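# Architecture at a glance
Okay, here's what each chain looks like letter by letter:
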Amino acid sequence: MSDDKHAHPGEQSRGTDVGEDDSDVVVVDWDGPNDPENPKNWSYEKRWRATIAVSLFTFASTVTSSGIAPGSSKIAEEFGITSQPIVAMTVSIFVLAYAIGPLFMAPLSEIYGRTKVIQLSNLFFFAWNMACGFAQNKTQLIIFRFLAGLGGSPPLAVGMGVLGDMWRAEERGRASATYSLAPLMGPVIGPVIGAWISARTTWRWVFWSTCIFAMAVQVMGLFFLRETFAPVLLEQKIARLRKAEEPEKGALRYRTVFEASETRSWQHIFSKALRRPFALFMHESIVQLLGLYMAFIYGIFYIYLTTIPTIFRDVYHHPPGVAGLHYFALGIGLIFTSQLNSRTMDTVYIYLRDRNGGIGEPEFRIPSMFPASVLFPIGLLVSGWAAEKQLHWIVVDVGMALVGAGMILSFQSIQTYLVDTFTLFAASALAAVTFIRSVFAFGFPLFSPAMYAKLGYGKGDTILAVLAIVIGCPSPFLFWKYGKAVRMRSRHTMKPVVS
């Protein structure tokens, strides 16, 4: 699928039509291309309010994922944890839940709607994150963290689905760039806040303070986050039509334009939707390839998040609160590059689309990956060897900023590519990718302490940089040249059309 403006049936038919095979069936669609009920026709301000709202739901979850990292030593001391991998697991178990939750919750958003899934899962996250603050041993903390991660995971997949529902392809770049900051800035800001909280009070307040923020976001979402998923909105339209219909005319005379047939059981919809992320993961090569590429980058990102406190504590002897401030170096790279990319992504897309005879392609999102494949390994080498040779801490921060820049460029490019490709089922596609990357984010920090202890930061980051060069540098060229051929074999995408 290229330009989703015409790719799905719900955006090209007018009003309601009579089915060809059964004159008693009325196919319900939008009332023309400018129907104000279609989220793509909402006002610019309304769409941006919803974009910011769903970004904050994601941020509220991800800020908790690593917020406890600076206080992990206090947790280990209080609960008598002597194994370094177990200490790391108290942080990364939350991210393992990110791998599982979207596989089930993203399909539910394609049945019941985006808003219900996001808001109800946030309440589940709130309850178990609050329980983490009351944990009395390591087992309770790990279990509660995992359950909180399950509740906090749906916005990671559903959020980009919301953007796909509201923004057309040529508008989507800036919104995607804004949203993509949330899953990356959350893990950056979390440890900064967590370091000062754990230093001045107890690590338990790291959880309780994020609960306060999560509830504030929940209240805001009630006002600004409205349902965006077209099939659900058309189902609501059918409900209104049936309510106005005379009873003797029957209740099964309508179906939405998205339905393959007029009759469908709840069990059929449920089982089909739940299978979709697994089907995409197992059968869609483009999802597998992009997922593995993002997973490698995301895994290294979480190595950074868990080793930054160690570097600045052991090498530069900074107190916990000051050591936490170095996370802002990652944040600077993320924010500056994201804002630059948000201003160019749509411009590049429109330029390439116009050169392509007005036909938009998801591959027009790939150019952002080219500089990312260079910045990322350079940042690894600079930060690793600066720490190894005990150069001024600002050099380490420069390397971290470069890693953040490369990370966000790849992240935004891949996520927008998948939304352009699987617009209607974007949440399920992103759930499949989130599964892969979250497994890596859980596993990488478990082996990194042993790697750095044996090799040091210089050689350790050199190994990661070499892998980033071998995997990362050829990838943008391969996706640019062969991405369309792989994508067009998909059973879940549609042929390109002229914009």
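Being a predicted model, the structure only gives us computed values, none of them experimental. (Residues numbered from 1 in each chain as written. Predicted model: local features only at pLDDT ≥ 70, side-chain atom pairs only at ≥ 80, totals over all residues. Heavy atoms only, no water.)

### Focus on the overall build of the protein
When helices and strands are counted, the protein shows 19 helices and three strands. When the 499 residues of the protein are sorted by exposure, 59% land in the buried category. Here the contacts in the protein between residues at least 6 apart in sequence split such that 81% fall between residues at least 24 apart. (Helix = DSSP H or I, 4+ residues; strand = E, 2+ residues; numbered from the N terminus. Buried < 20%, exposed > 50% of the residue type's maximum accessible area, 1.4 Å probe, protein only. Contact = heavy atoms within 4.5 Å.)

### Points about the nonpolar core
Considering soluble globular proteins, one finds that nonpolar side chains tend to be buried as a cluster. Counting 97 residues, the largest nonpolar core has Phe301 and Leu380 as the members making the most contacts within it. Here this core gets 18 residues from one element, more than from any other, and that element is helix 13 (residues 285-315). Those residues in contact with leucine 380, other than ones at most four positions away along the chain, are Ile300, Tyr304, Val403, Asp461, Leu464, Ala465 and Ala468. (Core = buried A, V, L, I, M, F, W, Y, C linked by side-chain atoms within 4.5 Å.)

### Structural notes on helix 10 (residues 204-224)
With 21 residues, helix 10 should cover 30 Å at 1.5 Å per step; its first-to-last C-alpha distance of 31 Å lies within 8% of that length. When we look at burial in helix 10, the residues that qualify are Arg204, Val206, Phe207, Trp208, Thr210, Cys211, Ala214, Val217, Gln218 and Gly221. Of the surrounding elements, those touching the buried residues of helix 10 are helix 2 (44-67), helix 3 (72-79), helix 5 (114-132), helix 6 (138-152) and helix 9 (182-200). (Expected span 1.5 Å × (residues − 1).)

### What to know about a nonpolar patch on the surface
Where nonpolar side chains cluster on the molecular surface, the patch consists of Leu455, Ile463, Val466, Leu467, Val470 and Ile471 and spans about 460 Å² of accessible area. With a relative accessible area of 31%, leucine 455 lands in the partly exposed category. (Patch = residues over 30% accessible without salt bridge, like charges linked within 9 Å, V, L, I, M, F, W, Y side chains within 5 Å. Areas by Shrake-Rupley, 256 points an atom, 1.4 Å probe, with all protein chains shown as cover. Salt bridge = Lys/Arg side-chain N within 4 Å of Asp/Glu carboxyl O.)

### Some thoughts on the packing of helix 4 (residues 84-112) against helix 5
Where helix 4 contacts helix 5, the two axes come as close as 8 Å, and the packing angle between them is 145°. Like other packed secondary-structure pairs, helix 4 and helix 5 cross with a definite hand, here right-handed. Where helix 4 approaches helix 5, its residues Phe94, Met105, Leu108, Ser109, Glu110 and Tyr112 are matched on the opposing element by Arg114, Lys116, Val117 and Phe125. Tallied by class, residues from the contact of helix 4 with helix 5 come to six nonpolar, one polar and three charged. (Axes fitted to C-alpha atoms, helices over the stretch in contact; angles between N-to-C directions. Left-handed = near helix turned anticlockwise from the far one by under 90°. Nonpolar A, V, L, I, M, F, W, Y, C, P; charged D, E, K, R; others polar.)

### A few points about the packing of aromatic side chains
As enumerated under the stated definition, the model contains 25 aromatic pairs in all. For the ring pair tryptophan 128 and phenylalanine 144, a centre distance of 5.5 Å and an interplane angle of 35° mean the geometry is tilted. Pair noted here: tryptophan 128 is in helix 5 and phenylalanine 144 is in helix 6, with a separation of 16 residues, a long-range link. When the centroid spacing of 4.9 Å and the interplanar angle of 80° are considered together, the rings of phenylalanine 370 and phenylalanine 477 count as edge-to-face. Linking phenylalanine 370 in helix 16 (residues 369-388) with phenylalanine 477 in helix 19 (residues 474-487), this pair joins segments that are 107 residues apart in sequence. Since its relative accessible area comes to 25%, phenylalanine 370 is described here as partly exposed. Classification of phenylalanine 477 as exposed rests on a relative accessible area of 54%. Here the aromatic residues Tyr298, Phe301, Tyr302 and Phe411 are joined through ring pairs into a cluster of three or more. When the ring centre of tryptophan 167 is taken as reference, the NZ or CZ atom of arginine 47 above it lies at 4.4 Å. A cation over a ring is seen here: arginine 437 above tyrosine 298, with NZ or CZ 4.8 Å from the ring centre. (Phe/Tyr/Trp six-rings, centres within 6.5 Å; stacked < 30°, edge-to-face > 60°. Lys NZ or Arg CZ within 6 Å of the ring centre and 35° of its normal.)

Function cannot be inferred from these measures alone, as they are strictly geometric.
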